[in-house]
Amino acid sequence: MKRLDVDRINNNAPYRVFEGETINSYCFYTNYGVDYSIDFVNDDLIECDESYQLIIANLNHKKSPRDNDVKDTILAIIEEFFTVNIATMLYICETGDNKQSMRNRLFEYWFSGYKYKHLYTLMSSAVKDEEGMMNYATLIIRNDNPNMVKVITEFTNSVNLLNQKP
């Protein structure tokens with residue numbers, strides 16, 4: 001993955017973004033005292049294209065009010081990711097606190113209002129694990145990615161396979 005240009009992100013983000021301590025990690029602090037880390041981790045779910053999992057972490061676990069500046073900052077980071085990388089992004093909601101359904105709806109809501117959403121294809125899917133817990137995964141890919149059809153097919157096939165009962 002190519003490094004993101006933090007100056008370019010900060011031209012579009014309400015919160016000041018800085019590089020995190022690990023590679024492909026970007027952080028910001030909100031006006032409400034919440035510390036966020038946005039990380040991009042290599043992902044092998046999609047084999048036909050370079051793909052990364054987007055991880056959004058509330059580092060200090062403070063409750064965050066509905067803060068549009070968080071949404072706009074995260075979207076600025078995602079926009080920069082796709083500006084410098086022709087790759088696939090996967091957002092898989094954390095399940096540790098059983099709030100994954102809410103996270104999925106919130107992320108879809110954020111993206112639905114994104115001014116450049118027409119440049120991307122977004123596909124969300126739910127997969128029930130062996131304990132019966134629903135897991136949510138969202139695929140985001142630029143519409144001009146030369147592997148787009150292969151990526152969507154592979155993602156759909158993977159979701160269908162995971163949803164088959166053993």
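Colleague: Explain the nonpolar core to me, please; I cannot follow it from the model alone.
Modeller: Generally speaking, soluble globular proteins have nonpolar side chains that are buried together. Ranked by size, the top nonpolar core spans 34 residues in total, and within it Phe28, Phe40 and Ile77 carry the most contacts. Going through the elements one at a time, α1 (6-12), β2 (25-29), β3 (35-42), β4 (51-58), α2 (68-84), β5 (88-92), α3 (100-112) and β7 (134-142) are the ones with two or more residues in this core. What phenylalanine 28 contacts, discounting residues up to four positions off in sequence, is Tyr15, Arg16, Val17, Phe18, Val34, Asp35, Tyr36, Ile38, Val70, Thr73, Ile74 and Ile77. Core analysis: the next-biggest nonpolar cluster, separate from the first, contains 10 residues, Leu139, Val151, Phe155 and Val159 among them.

Colleague: Would you mind showing me how to read α3 here?
Modeller: Helical geometry note: an α-helix holds 3.6 residues per turn, so side chains three or four residues apart project in the same direction. Here α3 spans 18 Å end to end across 13 residues, near enough to the 18 Å set by a 1.5 Å rise per residue. Among the residues making up α3, those that are buried are Gln100, Arg103, Asn104, Phe107, Trp110 and Phe111. Seen from one end, α3 has its buried residues packed into an arc of 130 degrees, which puts them on one side. Across from the buried face of α3, at angles greater than 90 degrees, the exposed residues are Arg105 and Tyr109. Where α3 is buried, its residues contact β4, α2, β5, β6 (120-128) and β7.

Colleague: Even after reading the chapter, I still don't get the layout of surface pockets, so can you show me in this structure?
Modeller: Sizing a probe to match a water molecule and rolling it over the atoms shows the empty space that remains. Roughly 1000 Å³ of internal volume is contained in the largest pocket. Lining the largest pocket are 31 residues; nearest its centre among them are Tyr36, Asn58, Met102, Arg103 and Leu106. In terms of residue count, α3 provides more of the lining of the largest pocket than any other element does, seven residues in total. Considering only residue class, the lining of the largest pocket consists of 16 nonpolar, five polar and 10 charged.

Colleague: Honestly, the pairing of β3 in this entry has me stumped. Any pointers?
Modeller: Look at any regular strand and the pattern is simple: side chains alternate between the two faces of the sheet. When β2 meets β3, the two strands line up antiparallel, connected through five bridges. Residue pairing in the sheet places cysteine 27 in a bridge with serine 37 of β3. Between β2 and β3, which follow one another and run antiparallel, lie five residues, and glycine 33 among them has a positive phi close to 80 degrees. Inspection of the sheet shows β3 paired to β4 by seven bridges, in the antiparallel sense. Each bridged residue has a counterpart across the sheet, and for aspartate 39 the counterpart in β4 is isoleucine 55.

Colleague: Would you mind going over the sheet that holds β4 with me for this structure?
Modeller: In a beta sheet, neighbouring strands are held together by backbone hydrogen bonds and run either parallel or antiparallel to one another. Taken in spatial order, the seven strands make up an open sheet running β1-β2-β3-β4-β5-β7-β6, and their pairing is mixed. Among the strands making up the open sheet, the edge pair consists of β1 (18-19) and β6. On top of the sheet, α3 reaches β4, β5, β6 and β7; it is set at about 20 degrees to β7, its chief contact.

Colleague: What is the right way to read the pairing of β2 from this model?
Modeller: β2 sits mainly inside the fold: four of its five residues count as buried. Both β1 and β2 contribute to a ladder of two bridges, which runs antiparallel. Each residue of the ladder has a partner; that of phenylalanine 18, found in β2, is cysteine 27. In sequence, β1 turns back onto β2 through a hairpin of five residues, with asparagine 24 there showing a positive phi of about 60 degrees.

Colleague: Teacher, can you tell me more about the pattern of salt bridges here?
Modeller: It is possible for side chains bearing opposite charge to pair when their charged atoms get close. One pass over the structure, following the stated rule, counts four salt bridges. For the salt bridge of glutamate 19 with arginine 3, the shortest nitrogen-to-oxygen distance reads 2.2 Å. In this pair, glutamate 19 sits in strand β1 while arginine 3 sits in the segment before α1, placing the two residues 16 residues apart along the sequence. Note that glutamate 80 is salt-bridged to arginine 8, the shortest N-O span being 2.7 Å. Of this pair, glutamate 80 sits in helix α2 while arginine 8 sits in helix α1, and the two are 72 residues apart along the sequence. Among the residues examined, arginine 8 registers a relative accessible area of 36% and is labelled partly exposed.

Rules used throughout
Residues numbered from 1 in each chain as written. Predicted model: local features only at pLDDT ≥ 70, side-chain atom pairs only at ≥ 80, totals over all residues. Heavy atoms only, no water. Core = buried A, V, L, I, M, F, W, Y, C linked by side-chain atoms within 4.5 Å. Buried < 20%, exposed > 50% of the residue type's maximum accessible area, 1.4 Å probe, protein only. Helix = DSSP H or I, 4+ residues; strand = E, 2+ residues; numbered from the N terminus. Contact = heavy atoms within 4.5 Å. Expected span 1.5 Å × (residues − 1). Arc of directions from axis to C-beta. 1 Å grid on protein atoms, 1.4 Å probe; cavity = no way out; pocket = protein on both sides within 12 Å on 5 of 7 lines; lining within 4 Å. Points joined across faces, edges and corners; volume = space filled by probe spheres on them. Nonpolar A, V, L, I, M, F, W, Y, C, P; charged D, E, K, R; others polar. Pairing = 2+ DSSP bridges. Axes fitted to C-alpha atoms, helices over the stretch in contact; angles between N-to-C directions. Salt bridge = Lys/Arg side-chain N within 4 Å of Asp/Glu carboxyl O.

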